[in-house]
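# Analysis of the macromolecular model
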Amino acid sequence: MSTPTTLREEKKALRRALREAKRSYWTEEYRQSVSERICQQIESFLPFVRSQCVALYCALPDEVDLTPILTAHKQEKQLLIPRVEGDDINFYAYEPDALVTSEGYKILEPTALQDEAVDPADIELILVPGVAFDPHGGRMGRGKGYYDRFFVRCPHALRVAVTDSQQIVERIPLDPWDKTMHYVISEERVLEVRD
């Protein structure tokens, strides 16, 4: 059994190793190619097809780019993207003309002028970024816990990891509060996590 300090150190070391490995292959060409293939996987993924209210994200440079999904489905679905607010994230309607670059993370997010955040109970499916995932649904984020805290507020929503296959590792060390994914989608396959 790992002690909290050991687990924290294990996560930190894994994040560092993954960042280092990613430098050797993550080019803009690779990102575009893998993002296109993953977006195709998502578009044919039945739970996505059936969901009307879907939470996504605007990608950082080292994340899978979901812009094709945002562009293609903004008329037919209620698409949401997050905004960091204090220690939490809240999701707002995706409006491409109402995005600003955040101060802290330098990521596109909804402006503070938008309407109220969407009720987490309305979200059917969440496409989730991360540093790494495992076949058991384990997720390693960037260490701030935004998504794990948000998942507590919408436990019924389907959690779907979005990642390239090189970010899938054998096992992610998890804290008791870490929430697992229901599916992991990469450019190679859609993996359903079974308990």
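Predicted model only: the values in this text are computed from it and were never measured.

## Describing the overall build of the protein
Looking only at helices and strands, the protein has five helices and eleven strands in total. Taking 16 Å as the expected radius of gyration for a compact globule of 195 residues, we find that the protein reaches 16 Å, a close match to that expectation. Taking all 195 residues of the protein together, 49% fall into the buried category. Taking as baseline every contact in the protein between residues at least 6 positions apart, the subset at least 24 positions apart corresponds to 69%. Computing the positive centroid from 25 side-chain charges and the negative centroid from 33, the protein places the two 5 Å apart.

## Some points on the pattern of salt bridges
In the structure shown here, the tally under the stated rule is eight salt bridges. A salt bridge links Arg-23 to Glu-20, with the nearest nitrogen and oxygen atoms 2.5 Å apart. Remark: Glu-20 and Arg-23 occur in helix α1 (residues 4-23); sequence separation between them is three residues, near one turn of the helix. In this structure Arg-23 comes out as exposed when scored by relative accessible area, which is 59%. Two residues, Arg-83 and Glu-85, come together in a salt bridge whose shortest N-O distance is 2.4 Å. Residue classification places Arg-83 among the buried positions, given a relative accessible area of 10%. On the accessibility criterion, Glu-85 (27% relative accessible area) is partly exposed. It is possible to trace a salt-bridge network through shared partners that takes in Lys-11, Asp-175 and Asp-178.

## Quick word on the sheet that holds strand β10 (residues 183-185)
Read across the sheet, seven strands follow the order β3-β2-β1-β6-β9-β10-β11 without closing on themselves; strand pairing throughout is mixed. Here the strands that pair on one side only, and so sit at the sheet edges, are β3 (88-93) and β11 (190-192). For this sheet the average axis-to-axis angle between neighbouring strands, irrespective of direction, equals 25 degrees. Pairing of strand β9 (residues 158-162) with β10, which is carried by three bridges, proceeds in the parallel orientation. Within β10, the position partnered with Val-162 by the bridge is Ile-185. Along the sheet, helix α2 (residues 28-43) makes contact with β6 (125-128), β9, β10 and β11, crossing β10 at roughly 140 degrees. On top of the sheet, helix α5 (residues 146-153) reaches β2 (78-85), β3, β6 and β9; it is set at about 65 degrees to β3, its chief contact.

Cut-offs and rules
- Residues numbered from 1 in each chain as written.
- Predicted model: local features only at pLDDT ≥ 70, side-chain atom pairs only at ≥ 80, totals over all residues.
- Heavy atoms only, no water.
- Helix = DSSP H or I, 4+ residues; strand = E, 2+ residues; numbered from the N terminus.
- Rg over C-alpha atoms; globule rule 2.2 N^0.38 Å.
- Buried < 20%, exposed > 50% of the residue type's maximum accessible area, 1.4 Å probe, protein only.
- Contact = heavy atoms within 4.5 Å.
- Lys, Arg positive; Asp, Glu negative; His and termini not counted.
- Charge placed at Lys NZ, Arg CZ, Asp CG, Glu CD.
- Salt bridge = Lys/Arg side-chain N within 4 Å of Asp/Glu carboxyl O.
- Pairing = 2+ DSSP bridges.
- Axes fitted to C-alpha atoms, helices over the stretch in contact; angles between N-to-C directions.

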